[in-house]
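# Reading the structure
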Amino acid sequence: MLSTYAFSRSLTSILRLLLLVKLVLLLEGLAFAQSTAVEHPKITGYVGILHPLVSFSEGQVTTNFKNYYQVGFPIGLNLWKSEKVGFSAEFVPFIRAESGQSRMSNFLFHPGALLRFHKGYVIALRAAFETSGRYGFTPVLSKTVIKKESHGYFVALPLPLRFGNNHGVAFTPGFQFGINF
């Protein structure tokens, strides 16, 4: 059973992360330059680092960075059909370091639809298929926070929900940042 203290600590960590994301998004006005019109379809790509923060499953809370460290390295291609709608294919190898050893622990195939909103916010609605035998979906909110002529820097908040492989449902919010081009 999840203790009130553990839940409170996890909730506090999530709220701190959301506050950080909000701060970065508030600073967006300082980082954006005017963009020029682009013809579609358009292909873009990105690479990043994904840090799962905390996992909620079967009444237990497990935090990354405590007894182990897990990190993902997302690589993706986006095909924008228009300025507002696109398709994305993401591939994410995960590395897990624990007890002085590290290994590739999982590989995630993450296809999905992209929806761009006002001020450059993008919501990705992704299906998830993992080599661990788990599957599910992941809504992701992302925002380019620094835009250069040939690339940009983004932050994202993935909210994965996983099922299958004789395990309970798991919800594992994370923090992702990277470079898009």
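The preceding data block contains the structure.
Residues numbered from 1 in each chain as written. Predicted model: local features only at pLDDT ≥ 70, side-chain atom pairs only at ≥ 80, totals over all residues. Heavy atoms only, no water.

### A word on the environment of asparagine 180
What counts here: In this description a helix means any DSSP run of H or I spanning at least four residues, a strand means any run of E spanning at least two, and both kinds are numbered starting from the N terminus. Relative accessibility under 20% of the residue-type maximum defines a buried residue, over 50% an exposed one, and the middle range a partly exposed one, all with a 1.4 Å probe and only protein chains included. Contact between two residues is taken to exist if any of their heavy atoms lie within 4.5 Å; hydrogens are not considered.
One can find asparagine 180 in strand S13 (residues 174-180). Judged by its relative accessible area of 17%, asparagine 180 is buried. When the C-alpha atoms of asparagine 180 and leucine 77 are compared, they prove to be 9.6 Å apart, with 103 residues separating the residues in sequence. If near-sequence neighbours (up to four positions away) are discounted, asparagine 180 is found in contact with Gly45, Tyr46, Thr144, His151, Gly152, Tyr153 and Phe154.

### Considerations on the packing of aromatic side chains
The line we're drawing: Think of it this way: a Phe, Tyr or Trp ring, Trp meaning its six-membered ring, pairs with another when their centres are within 6.5 Å, and the plane angle makes it stacked under 30 degrees, edge-to-face over 60, tilted otherwise.
A full pass over the atoms with the stated rule returns 8 aromatic pairs. Aromatic pair tyrosine 46 and phenylalanine 154: ring centres 5.9 Å apart, planes at 85 degrees, arrangement edge-to-face. Note that tyrosine 46 is positioned in strand S1 (residues 42-52) and phenylalanine 154 in strand S10 (residues 152-158), a separation of 108 residues in sequence. The exposure class assigned to phenylalanine 154 is buried, which follows from its relative accessible area of 8%. Judged by centre distance (6.1 Å) and plane angle (40 degrees), the rings of tyrosine 135 and phenylalanine 163 are tilted.

### Some points on the nonpolar core
Here is the rule we go by: As used in this record, nonpolar core signifies buried Ala, Val, Leu, Ile, Met, Phe, Trp, Tyr and Cys residues forming a set joined through side-chain atoms within 4.5 Å.
Core analysis: the biggest nonpolar cluster contains 8 residues, these being Tyr46, Trp80, Leu114, Val122, Ala124, Val140, Phe154 and Ala156. Residue assignment for this core shows that the elements contributing at least two residues are strand S8 (121-130) and S10. With sequence-adjacent residues up to four places away left out, alanine 156 is seen in contact with Val140, Leu141, Ser142, Gly174, Phe175 and Gln176.

### Thoughts on unusual backbone geometry
Note that the residue after histidine 40, namely proline 41, is joined by a cis bond; omega there is 5 degrees. Structurally, proline 41 is set in the loop between helix H2 (28-31) and S1.

### Describing the pattern of salt bridges
Formally: The term salt bridge refers to a side-chain nitrogen of Lys or Arg lying within 4 Å of a carboxyl oxygen of Asp or Glu.
Applying the stated rule across the entire model yields 4 salt bridges. Here glutamate 130 ties to arginine 162 by a salt bridge, and the two come within 2.7 Å at their closest N and O atoms. Placement of glutamate 130 in strand S8 and of arginine 162 in strand S11 (residues 161-163) is noted, with a sequence separation of 32 residues between them. On the basis of relative accessibility, which here comes to 9%, the residue arginine 162 falls in the buried class.

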